[in-house]
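The residues making up each chain are set out below.
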Amino acid sequence: MSSIMYKEISFQSIFSLRAGGALPRRGKDDVRTLISNAEVSTILSKLITTLFIAFFGFAVFLPLMAGTSSSYPTRELTAVGSVSTFLAVVLFLISFMGLQVSTSFVSSKAIDVLTPLSLSKSDISHIVFLCFIRIFDIPLAASAMVLLLAYYFIGGSFLGGLAAFAGIIVTEAFALMLTVGLARFFYSRVAGGGGKSRWKTLLRFVFMLVWILPSFGIYFVVNFAGQIAQSFTSLTQGVSSILQLLVLIYPFSYGYLVSFATFSFQASYLTVALSVAACSGYFALAAYCVKWVTRTVGRIGAGGISTALREVVKDTAVSPQAPWLGTIRKDLRIASRSPSYASLFLLPAIEAAVLAMSFSSFNEVGLSSTLGLLTGMSVVVLMLPPTLVSIEGLAASYTRSLPLKKKTLISAKTLLSTLTYAISLVVLFVVALYVGRSYFYILTFGAIHLFSVAAATMLELIILTNKFWKEGFAIGNIYARLSTYILIIIPGLAVVMIPIIAALATFLLAQSLTLAVFLGLAVTEFAVATAYVALEK
Amino acid sequence: MQEVAVQVEGLVVNYGPFVAVDNLSFTVNSGEIYGLLGPNGAGKTSTLKVLVGVLEARAGKIEVFNTPISQEVAAKSQIGYVPEEVVLLDSLTPREFLEFIASIRKLEASAANSRLEKLVSAFELKQFFDTPIAALSMGNKQKVAIIAALLHEPRLLVLDEPLIGLDARSSKILKELVTFHAKRGGAVIFSTHIMEVAEKLCDRVGIINKGKIVGEGTVNELRKLVKSAEGSLEDIFLKVTEQEAGMQDVIRALEEEEKQP
């Protein structure tokens, strides 16, 4: 039965976005396509997470596999660092994936159909839990396999393998608890609030930041895999004097236990005993987490926690804006209440902050590094237009009846995307200022690149609205229609890259013309895209 | 002479190979309440969706107050629509949703607020005004959709099963509003399965079956069509849609099954 419920939830996750409630009036073939899309998309999202895990797993264990650190205590401490890092990363990746899908899980309310059936509460709870676990099945299994395989390659022992297996099980239980806990908090305290309360608005913003942390983590670990593993190793070496304390802290306790069981290095009985005790404690905590998740997820699946707290309504006044501004306000409001949307809105600014951290390794933020930073940030911003268009699909079967011009829609979403990019540039500028690096290139090239990003956004939105205007807007969320996203992002990417590549080429050939070429191309792109949008009805 | 509010000619709507609406034509005049009746899957909702621009027709011509529906913005500005299945932006509150609607329809704040206050009070929605739509009951969601449809004082109201989920008070108010709207020269297209409501409320009805109009006119005109002097609209409907004979057989079969020990 959990299999049927799981299929239903996967389907609904794509249905609400793609069909906007218009599905019953579609042809059988369309419905079949939607169902197969939903099935493929859910598998795809699992495989992507699995690939991340596999990539990172082998990246952190590479120094041990290659035998580059063979002497005591480096090898032993590297093993501690590798295992601990891998566990921390699995925690991040599974939580990230969980946060994205928990929205569909809560909003589907598919579990409602189970309640009238002749099933006990405990049966329903188990079905919902199994259904929830199925969302993560491949990544959960892959995490365990990657760790055990990598451990096998470094020449692990049976006992060490057992400890590693226990560590990954505990990590997965923690990840599920983190996902469910955050989802529970979001839907009971944040999403259920009214639009008038400033406190709720502030809370939503804070929560968006919390929600983005796993996204930040994913970016961080993928880009800095080697450095993270090294940092963990350094940490274990640096604090060897307070080893007893460190072995009590997850995930180091498992890292130590695995390393000790593998290499049997010289450690005091007290340290080993503390590590075993801490691991046992975390194992017990994980067992409790699973129990808590089983209980809580049943309530989430039934929509039991999304009941809103009702506020006292003083008036019924509204403040109508111009259509484009009304569209932007609506998009921001919806995004602030949906973790998957919110994370994409905040990702560019967070990415800018992460990239800005790398300033410390530069002596000077020159042209090439600035253009590199602009490339990275604009690629993330290019994911926004499809997301913004998919918001239109949430109620397409109604909103399509509104007299909204295509060019108003494109303008509103272009402005919002470009503004998001501008905020990322401000973050970059502030950090450059803070760390005392030159910010000339960020200011000049960044400001000019806004034109290019706006043009790319317009191009994406023109493609999207032309493709989806007739059939209802939605294209699904990032996991549901990844292939569509990629196909739309490629032309956008070409537009943002043309001035960057041209600027780099000009820099090599005629340095003094670099800024002029960059400006000329960006403004031309913007002018062409704006003229095209102006011609839209 | 009455102005033609809606003109539908040769409308064809299909979903893949399935033809939902087959060469449908009808006219609605201003000041008129036109009931669109038909069994489930007859093509009523598809027709109304094309009329309001939610769905694309394969063929046919539609004009709303002489504006072709192809002139989307101009045509849609004159229409207020309540869908059969109320799918709104669930994470917004009614206040936020109606603010969005007022923005898209370019309403002045003072005019919008004055009308909104009256409508919210009439449908007793004030206490739910800052509650997310997702947390509202079906009836309250329906009220939000009705207020959104009436907010800009449209010339044409397209109401697809608008009474579903409404309490008795709100149903009564909506019916009064619809009647008042028509008296002021507006037009209404009203789809319902409740024959008594259609009989009392509608000036003319069009009965649609398998995507085609199978009967059209006032109730008296339809009685003549089925050669019945006293039948209710329900009787007429069942005859016109050829459901009466089959229905009796089904009822008889069910009754016999009930009698068996």
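Residues numbered from 1 in each chain as written. Chains lettered and ligands numbered in written order. Predicted model: local features only at pLDDT ≥ 70, side-chain atom pairs only at ≥ 80, totals over all residues.

### Topic: the overall build of chain A
A tally of helices and strands in chain A yields 19 helices and zero strands. Residues classed as buried in chain A amount to 53% of the 537 residues present. In chain A, of all internal contacts separated by at least 6 residues, the share reaching a separation of at least 24 is 85%. (Helix = DSSP H or I, 4+ residues; strand = E, 2+ residues; numbered from the N terminus. Buried ≥ 20, exposed ≤ 12 C-beta atoms within 10 Å, placed from the backbone. Contact = placed C-beta atoms within 7 Å.)

### Observations regarding the pairing of strand S1 (residues 4-15) of chain B
Residues and elements named next belong to chain B. Looking at chain direction, S1 and strand S2 (residues 18-29) are connected through eight bridges and run antiparallel. Bridge pairing in S2 links leucine 11 to leucine 24. Counting the residues that bridge the hairpin from S1 to S2 gives two residues, and of these glycine 16 lies at a positive phi of roughly 65 degrees. As paired elements, S1 and strand S4 (residues 59-64) share five bridges and run antiparallel to each other. (Pairing = 2+ DSSP bridges.)

### Quick word on unusual backbone geometry
A negative phi angle characterises most non-glycine residues, just as the trans form characterises most peptide bonds. The residue after tyrosine 250 of chain A, namely proline 251 of chain A, is reached through a cis peptide bond having omega 0 degrees. Its place among the elements puts proline 251 of chain A in the loop between helix H8 (243-246) and helix H9 (252-263). One non-glycine residue, glutamate 153 of chain B, lies in positive phi territory at about 50 degrees. Along the chain, glutamate 153 of chain B falls in the loop between helix H5 (138-150) and strand S7 (156-160). Judged by C-beta crowding, with 12 C-beta atoms within 10 Å, glutamate 153 of chain B ranks as exposed. We note that glutamate 161 of chain B has phi near 50 degrees; this positive angle belongs to a residue other than glycine. With respect to the secondary-structure elements, glutamate 161 of chain B resides in the loop between S7 and helix H6 (168-183).

### Observations concerning the sheet that holds strand S10 (residues 212-217) of chain B
Residues and elements named next belong to chain B. A sheet is described by the order of its strands in space; here six strands give the open sequence S6-S7-S8-S3-S9-S10, paired in mixed fashion. Bordering the open sheet on either side are strand S6 (79-82) and S10, each of which pairs with just one other strand. Going across the sheet, the axis of each strand differs from the next one's by a mean of 15 degrees, ignoring polarity. Relative to strand S9 (residues 204-209), strand S3 (residues 33-37) is paired through four bridges, and the arrangement is parallel. Across the sheet, the residue bridging to glycine 35 is valine 205, located in S9. Sheet strands touched by H5: S6 and S7. Its angle to S6, the strand with the most contacts, is close to 175 degrees. Where H6 meets the sheet, its contacts fall on S3, S7 and strand S8 (187-191), and the angle it forms with S8 comes to roughly 145 degrees. (Axes fitted to C-alpha atoms, helices over the stretch in contact; angles between N-to-C directions.)

### Here's the deal with the sheet that holds strand S5 (residues 67-68) of chain B
Backbone-to-backbone hydrogen bonds join strands into a sheet, with any given pair of strands oriented parallel or antiparallel. Residues and elements named next belong to chain B. Reading across the sheet, the four strands line up as S2-S1-S4-S5 and stay open at both edges, with antiparallel pairing between neighbours. Of all strands in the sheet, those with a lone pairing partner are S2 and S5, marking the two edges. Sitting on the sheet, helix H1 (residues 44-52) is in contact with S1, S2 and S4, with an inclination near 120 degrees to S1.

### Remarks on the confidence of the model for chain A
A low pLDDT score tells you not to read the predicted coordinates there in detail. Confidence in the prediction of chain A, expressed as mean pLDDT, is 77, and 68% of residues score 70 or more. Segment residues 17-25 of chain A: pLDDT under 50, and 37 contacts once partners within four positions in sequence are set aside and those in other chains are kept. (pLDDT = per-residue confidence, 0-100.)

### Considering the confidence of the model for chain B
Per-residue confidence for chain B gives a mean pLDDT of 88, with 97% of residues at or over 70. Here the predicted complex scores 0.75 on pTM and 0.87 on ipTM.

### A short note on the environment of lysine 118 of chain B
All names here are of chain B. Inspection of the secondary structure assignment puts lysine 118 in helix H4 (residues 109-122). Assessed through the 13 C-beta atoms surrounding it within 10 Å, lysine 118 is described here as partly exposed. In this structure the C-alpha to C-alpha distance between lysine 118 and isoleucine 147, which are 29 residues apart in sequence, comes to 9.9 Å.

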